[in-house]
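Spelled out from the first residue to the last, the chains are:
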Amino acid sequence: MSVFPNIRRRAELTHVDQHSASAPHDEDVEEHHQPLEAIPHPDQILDNARKFGRIVRIAIDRARAARYLTAAEWCRVASAYAMTNPTGFLRSGDLESAIGIVADGALAPSRRPAKAAAGPRRVMHVITEAAPIGGLTRLAERWMQRDRISISAVVVTRQDEVLERLAEAACASGGSATALAVAGSNVLERAARLRQLAADVDFVICHLHSDDIVTALAFGHGYSGAPVAIYNHADHLFWLAPSNATTIVDARNVGRRLTIHARGYSPELTYLLPLPVPAMRGGADEARLSIGWGFPADSIVAVSVARAIKFRDTTLEPSFSRLLGMALEANPRLAFCAVGPEATDPPWPDLIERYGQRIYVTGPVPDPLPYLTAADIYLDPFPFSSTTSLLEAAAASLPTLTLDAHRDYCRAFGLADFVESIDDRPTTVHAYLQRLQDLVNTPSLRRLTGERARAGYLGLTAPEPWLESLGELYRHLDRASARRNLLGGSAPAEPDKRLLVHAAALTAIEQNIPLLWTVMAGVPCFDARDRRQLAPRIIVTRALQKLRLSPPSNATPRDSLLLPRR
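A. Structural detail: the pairing of strand S5 (residues 228-232). Of all 5 residues that make up S5, 5 are buried, and the element is covered over most of its length. What you see with S5 is no split at all: Val228, Ile230 and Asn232 on one side and Ala229 and Tyr231 on the other are buried throughout. Where strand S4 (residues 203-207) meets S5, 3 bridges bridge the pair, whose relative direction is parallel. Its bridge partner lying in S5, Val204 is registered against Val228. Between the parallel pair S4 and S5, the chain is carried across by helix H8 (residues 213-218), and the sense of this crossover is right-handed. Looking at chain direction, S5 and strand S6 (residues 247-250) are connected through 4 bridges and run parallel. The partner of Asn232 across the bridge, within S6, is Asp250.

Here it is in structure tokens:
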């Protein structure tokens, strides 16, 4: 298995047009687009791909030797590594083959369950991990709450209990809540149990982390049960899709484009369904009093809601801190609230030092609604947007502003799909700052823009149109299942230049988890032979890193020492 068989030399990689990732800016703003090798060095992407290939070959060898449990863990390591260390691929046929060998050898085949003669739909929602804070949990919860004519069950694959609010949503519909990661269970046992549970439902909807090996096995080779849909919430990342699933459900057009062109799935096996976001109304004055953020009474408050990493400065420009700093300098009445990060997370200490009480940072909060209700304007982070939060802001009638400066596959980092008016998704820094200044200074424009944002929400993800689309999704799954249309298709053999630009930008944006951490997390799941091989390799790699002979990142090949011989 070669890595980039037709792209071998660094020189060929560095000729990628970096401007295909972002739009040019006005002349009065410095050039923000750095050469591809600076974000990061193209050799890092090649090195990531080589390591990924080695891990997959290890998984295949273990699977062919009928060492199924340890092979499954190497498959998880491979997908987790590719998710956080971009390789230029968003899907791997070789990795799917390894998972197929494990599923064929370790799991009993399933049979297509008989359709219930009468009664409501039976829908099983499969979730990798449910966190108290986060868009993935809210997605599954809201889906079950809206889908009132179905009996909804929820299953978590990587936890030993189901988050209370998810369990309540399932039980309110007459369904059940199941946690598969009970004490002592391994991934093969969980996959077998999940396959059994699918025999009692009409549809399976998956809300997964990118490295969910349990679901990949359960709905992979040998599965012929209820039709399975994968909701593509992480459309910009590498992820595993079970090979015998039926449909990829994308939340937006740019994600669907990646599903078809970058992952190789047939357009007929995709479906577009926006995130379900509830109407969010409330009293601004009451919300401001309850928050007590200490801004002057005449402040115009802008808000952003995202996890800390989405505000971090990167090698991609303009950084959000730079945009915010320019906006605060130009608009003395503007104040800003960041919902999600801690005040100690970068770049907030520097911004607080410069702008004092005009910056308020909340830390993690379970419900952003009070802050959205109290604010005057919503600013989408850049270069990495926050999908659920922008839709929630639009539902709350907030003017929403996003910088639409990404191009080609890198548009997956932004949210232009969800902002209807071109005025509210400017493509240059100058236009962005001018639009923000107009919103700060003109109450009638804020009101009009907020009404337009809410109208866009109502046409996209409000309950009635969303439920109509959901009903058509279930019919789509029934038709595809009757024809036994499975995902299949061929993963790209090598990335094109657009995917390399995407990989370079993604490396700058997302947290790059060292291979050492990913392998160490898997040690309890490897078999005894692999544990014996890995123990000295882990010790040596950690020692080298402590001696600073190898930095704690995947920028060098030294962590390849971790990977045992096949």
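B. Spotlight on the sheet that holds strand S7 (residues 270-272). Read across the sheet, 7 strands follow the order S3-S2-S1-S4-S5-S6-S7 without closing on themselves; strand pairing throughout is parallel. Pairing within the sheet leaves two strands with one partner each, and these edge strands are strand S3 (177-179) and S7. Recorded for the sheet is a direction-independent mean angle of 25° between the axes of neighbouring strands. Across the sheet, helix H6 (residues 164-172) is in contact with strand S1 (121-127), strand S2 (150-156) and S3; its angle to S2 comes to roughly 150°.

C. Inspection of the environment of Ala343 at higher detail. Relative to the assigned elements, Ala343 resides in the loop between strand S9 (334-339) and helix H12 (348-355). Through-space distance from the C-alpha of Ala343 to that of Val361 is 5.4 Å; in sequence the pair is 18 residues apart. Every residue in contact with Ala343, bar those within four places of it in the chain, is listed here: Trp348, Pro349, Ile352 and Val361.

D. Quick look at empty space enclosed by the protein. Under the counting rule described, the total for this entry stands at 8 cavities of 30 Å³ or more. Approximately 80 Å³ is the volume attributed to the second largest cavity. Forming the walls of the second largest cavity are Leu208, His209, Ser210, Ile230, Tyr231, Asn232, His233, Ala234, Trp239 and Leu240. Here the residues of the lining of the second largest cavity are counted per class, giving 6 nonpolar, 4 polar and no charged.

E. Representation of the packing of helix H11 (residues 320-330) against helix H15 (residues 429-441) within the structure. Running from amino to carboxyl end, H11 crosses H15 at an angle of 45°, the nearest separation of the two axes being 10 Å. Considered as vectors, H11 and H15 are oriented oblique to each other. For the element pair H11 and H15, the recorded crossing hand is right-handed. On H15, the residues touching Leu323, Met326, Ala327 and Ala330 of H11 are Val429, Tyr432, Leu433, Leu436 and Gln437. Broken down by class, the residue content of the contact of H11 with H15 amounts to 8 nonpolar, 1 polar and no charged.

Definitions and limits used
Residues numbered from 1 in each chain as written. Predicted model: local features only at pLDDT ≥ 70, side-chain atom pairs only at ≥ 80, totals over all residues. Heavy atoms only, no water. Buried < 20%, exposed > 50% of the residue type's maximum accessible area, 1.4 Å probe, protein only. Helix = DSSP H or I, 4+ residues; strand = E, 2+ residues; numbered from the N terminus. Pairing = 2+ DSSP bridges. Right-handed = clockwise from strand over helix to strand, strands pointing away. Axes fitted to C-alpha atoms, helices over the stretch in contact; angles between N-to-C directions. Contact = heavy atoms within 4.5 Å. 1 Å grid on protein atoms, 1.4 Å probe; cavity = no way out; pocket = protein on both sides within 12 Å on 5 of 7 lines; lining within 4 Å. Points joined across faces, edges and corners; volume = space filled by probe spheres on them. Nonpolar A, V, L, I, M, F, W, Y, C, P; charged D, E, K, R; others polar. Parallel < 35°, antiparallel > 145°, perpendicular 65-115°, else oblique. Left-handed = near helix turned anticlockwise from the far one by under 90°.

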